[in-house]
Amino acid sequence: DLLLKMHQLHPHISLSVLATTFDAMSTLLTNGIIDVGLAGIHQTEALTFAQTYMQNDHIFYVEKLFTDPMVCVMEKSHPLSIHDTLTVEQIATQKQTIYGNDASYISSIGALHISTNAKVHQQFMKNANTICSMPYHAYLSLYPQDDFIYRPIADAEPITTYFICNHTTKAENPELYQAFINIVTSITQEKNTN
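Below or above, wherever it landed, is the structure these notes cover.

So, how was this worked out
- Residues numbered from 1 in each chain as written.
- Predicted model: local features only at pLDDT ≥ 70, side-chain atom pairs only at ≥ 80, totals over all residues.
- Heavy atoms only, no water.
- Phe/Tyr/Trp six-rings, centres within 6.5 Å; stacked < 30°, edge-to-face > 60°.
- Buried < 20%, exposed > 50% of the residue type's maximum accessible area, 1.4 Å probe, protein only.
- Helix = DSSP H or I, 4+ residues; strand = E, 2+ residues; numbered from the N terminus.
- Pairing = 2+ DSSP bridges.
- Axes fitted to C-alpha atoms, helices over the stretch in contact; angles between N-to-C directions.

Details of the packing of aromatic side chains
Between two aromatic rings, the relevant description is the distance of the centres plus the angle of the planes.
Point 1. Throughout the structure, instances matching the rule amount to 6 aromatic pairs.
Point 2. Ring geometry for Y143 and F148: centres 5.4 Å apart, planes at 75 degrees, overall edge-to-face.
Point 3. A relative accessible area of 3% means that Y143 is categorised as buried.
Point 4. The rings of Y136, Y139, Y143, F148 and Y150 are connected pair by pair, giving a single aromatic cluster.

Take a look at the structure:
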């Protein structure tokens, strides 16, 4: 949604998306290889993140965009679907795939697969009866089909999404960066009302 709306409002801008870890994104931003980044940070990491990256003298300009609850996605026929909400303990006993790009989660919870490819997750859910935890807005974007449902994870840490860019890059074209933030905010509000 973000890329399409940016293209519609600013067709002269070329857009490219790279899903990577925060450390890799930080290096790419610092070296001017990418212009902007979006980072999803767990609530317990947010304070450290804010202290490290949101100080005035830091190389990055950072703006908090929104906070997202975590949900568990599954096929409608999955046994956990009978619950209105789930807990971390309930989902820990299930076969899982992980939506993300940090492979360390595979060994920590024994996940079968990790990626940001929704089609692969859907195949695992259908053929291996797995579940997948992800931020609510990711679910809204990736699972419009009726085959899959979500359940809130009551005790899971929410994810806060931040817009990040280099101060120098932002200063070169502040209107464009404000437009980017406005588009992300409008898409988020639109999804929340639907």
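From this point, things continue past the structure.
Structural notes on unusual backbone geometry
Point 1. Phi angles above zero are rare outside glycine, and N129 is one such case at about 55 degrees.
Point 2. Within the secondary structure, N129 is located in the loop between α6 (118-128) and β6 (131-135).

Focus on the sheet that holds strand β1 (residues 36-42)
Point 1. As summarised here, the arrangement of the 3 strands in space is β1-β8-β2, forming an open sheet in which the pairing is antiparallel. For this open sheet the edge positions go to β1 and β2 (60-68), each flanked by a neighbour on one side alone. Neighbour-to-neighbour, the strand axes of this sheet turn through a mean angle of 25 degrees, independent of strand direction.
Point 2. Bridge count for β2 against strand β8 (residues 159-166) is 8 bridges, and the pairing is antiparallel. Residue pairing for β8: F60 is matched across the bridge by N166.

Honestly, it's all geometry; don't read function into it.
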